[in-house]
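# A structural walkthrough
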Amino acid sequence: MASLDRVKVLVLGDSGVGKSSLVHLLCQNQVLGNPSWTVGCSVDVRVHDYKEGTPEEKTYYIELWDVGGSVGSASSVKSTRAVFYNSVNGIIFVHDLTNKKSSQNLRRWSLEALNRDLVPTGVLVTNGDYDREQFADNQIPLLVIGTKLDQIHETKRHEVLTRTAFLAEDFNPEEINLDCTNPRYLAAGSSNAVKLSRFFDKCFPLRNICIPIIDSLLTSFYCPQLEGKCGMTQHTGHREEILFKRR
Ligand SMILES: Nc1nc2c(ncn2[C@@H]2O[C@H](COP(=O)(O)OP(=O)(O)O)[C@@H](O)[C@H]2O)c(=O)[nH]1
Ligand SMILES: [Mg+2]
């Protein structure tokens, strides 16, 4: 299978925030009837139409990796978990809107997942320091999902969303708030579905894709990496990943 046929997206957040319920909803388009404790890591797959409705549209698989565990785990658990952080194309951070701590802990999850190469795991958060600047050059697309919106009374929603606004400032992510027990929140055509699709589109490592520009006689290639035309010979390894675009 070509590497671009599937991308790996991590789903991170405290236990009980609704990761398994969310992944089930995203992959099976159904409510998870009886969530059980996630042991170790579980992976489910969502079919995604990349750039839906455009000439470049193509169907890919998104692997959603629910790594599980607690961010306050012992360093041995963290270093085991670090194995999953390799070759990640996107991260979904999940917090429970009714649980303030779970929102605050996303900073710790982000430190663990995004900063793993800079500082040894285990000492990242002990002093509670958090420096937004260290994520300034982050290239991994991020989505923050707030769950259990149904548990918050209409009159309290503004207050809760104000309280969690720091996450948008920290990560500059796409953001969705929903009820994982109600598929209507992700109904096709809804603003949430559009955000989700935009996030998954961003998870594809486009830099490696050259787009053939087909003339009546000549075929040349637009290379996003070079931001200009290039020769096919440099990119034969990506033949099967090429998206066709007519000029
Ligand atoms: N009301 C409500 N319950 C939810 C929502 N998301 C998850 N839950 C419930 O929260 C509990 C924990 O969910 P689970 O998916 O196992 O969380 P995980 O530990 O992060 O995988 C389960 O009882 C779910 O049914 C939501 O958006 N609204
Ligand atoms: Mg779970």
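Each remark here, short or long, concerns the structure printed above.
Described in the following lines is the structure provided in the data block. Fair warning: this is a prediction, and the values are worked out from it, not measured in the lab.

What follows concerns the environment of Phe200. With respect to the helices, strands and loops of the structure, Phe200 is situated in helix H6 (residues 191-202). Counting along the chain gives 150 residues from Phe200 to Tyr50, while the straight-line C-alpha distance between them is 7.7 Å.

Relative to the assigned elements, Asp66 resides in strand E3 (residues 58-66). As a buried residue without a salt bridge, Asp66 has its nearest oppositely charged side chain in Lys19, at a separation of 4.7 Å. Engagement of the side chain of Asp66 in a polar contact is seen with the side chain of Ser20, the distance being 3.3 Å. Other than its neighbours up to four places away in sequence, Asp66 contacts Val11, Lys19, Ser20, Thr38, Gly40, Cys41 and Ser42.

What follows covers unusual backbone geometry. Of note, the phi angle at Ser87 is positive, near 50 degrees, even though the residue is not glycine. Of note, Ser87 is situated in the loop between helix H2 (75-82) and strand E4 (90-96). By relative accessible area, which is 61% here, Ser87 ends up exposed. One non-glycine residue, Lys148, adopts positive backbone phi at about 65 degrees. Positionally, Lys148 belongs in the loop between strand E5 (142-147) and helix H4 (154-163). Using a relative accessible area of 27% as the deciding quantity, one classes Lys148 as partly exposed.

What follows deals with the packing of aromatic side chains. Overall, the coordinates contain five aromatic pairs when judged by the stated rule. A ring pair is formed by Tyr50 and Tyr60, whose centres lie 5.7 Å apart and whose planes are at 80 degrees; its orientation type is edge-to-face. Of this pair, Tyr50 sits in strand E2 (residues 42-50) while Tyr60 sits in strand E3, placing them 10 residues apart in sequence. The exposure classification of Tyr50 matches that of Tyr60, with both residues buried. Measuring from centroid to centroid gives 5.0 Å for Tyr50 and Phe204, while their planes differ by 65 degrees, and the two rings are edge-to-face. With Tyr50 in strand E2 and Phe204 in the loop between H6 and strand E7 (211-214), this residue pair connects regions lying 154 residues apart in the sequence. With a relative accessible area of 2%, Tyr50 lands in the buried category. Given the relative accessible area of 4%, Phe204 is considered buried. An aromatic cluster is defined as three or more aromatic residues linked by ring pairs; in this entry it consists of Tyr50, Tyr60 and Phe204.

In the vicinity of ligand 1, 16 residues are found, and the nearest of them are Gly16, Lys19, Ser21, Asp150 and Cys180. Taking Gln151, its side chain carries an N or O atom lying 3.2 Å from a nitrogen atom of ligand 1. About the coverage of ligand 1: the protein hides 78% of its 580 Å² of free accessible area. By residue class, the composition of the shell around ligand 1 is four nonpolar, seven polar and five charged.

Attention shifts here to the side chain of Lys8. Here Lys8 lies in strand E1 (residues 6-12). Look at Lys8: it is buried, it has no salt bridge, and the nearest opposite charge is Glu63 at 6.7 Å. Polar contacts involving the side chain of Lys8 include one to the main-chain carbonyl oxygen of Phe84, which spans 2.9 Å. Residues within four places of Lys8 in sequence aside, it is in contact with Glu63, Trp65, Phe84, Asn86, Ser87, Val88, Asn89 and Gly90.

Another point: the pairing of E3. Bridge analysis of E1 against E3 gives six bridges, and the strand direction is parallel. Looking across to E3, one finds that Arg6 is bridged to Tyr61. Pairing analysis gives nine bridges linking E2 to E3, with the strands arranged antiparallel. By the bridge assignment, Ser42 is partnered in E3 with Asp66.

About the criteria used
Residues numbered from 1 in each chain as written. Chains lettered and ligands numbered in written order. Predicted model: local features only at pLDDT ≥ 70, side-chain atom pairs only at ≥ 80, totals over all residues. Heavy atoms only, no water. Helix = DSSP H or I, 4+ residues; strand = E, 2+ residues; numbered from the N terminus. Buried < 20%, exposed > 50% of the residue type's maximum accessible area, 1.4 Å probe, protein only. Lys, Arg positive; Asp, Glu negative; His and termini not counted. Salt bridge = Lys/Arg side-chain N within 4 Å of Asp/Glu carboxyl O. Polar contact = N/O pair within 3.5 Å; in protein donor to acceptor, adjacent residues only side chain to side chain. Contact = heavy atoms within 4.5 Å. Phe/Tyr/Trp six-rings, centres within 6.5 Å; stacked < 30°, edge-to-face > 60°. Near = heavy atom within 4 Å. Areas by Shrake-Rupley, 256 points an atom, 1.4 Å probe, with all protein chains shown as cover. Nonpolar A, V, L, I, M, F, W, Y, C, P; charged D, E, K, R; others polar. Pairing = 2+ DSSP bridges.

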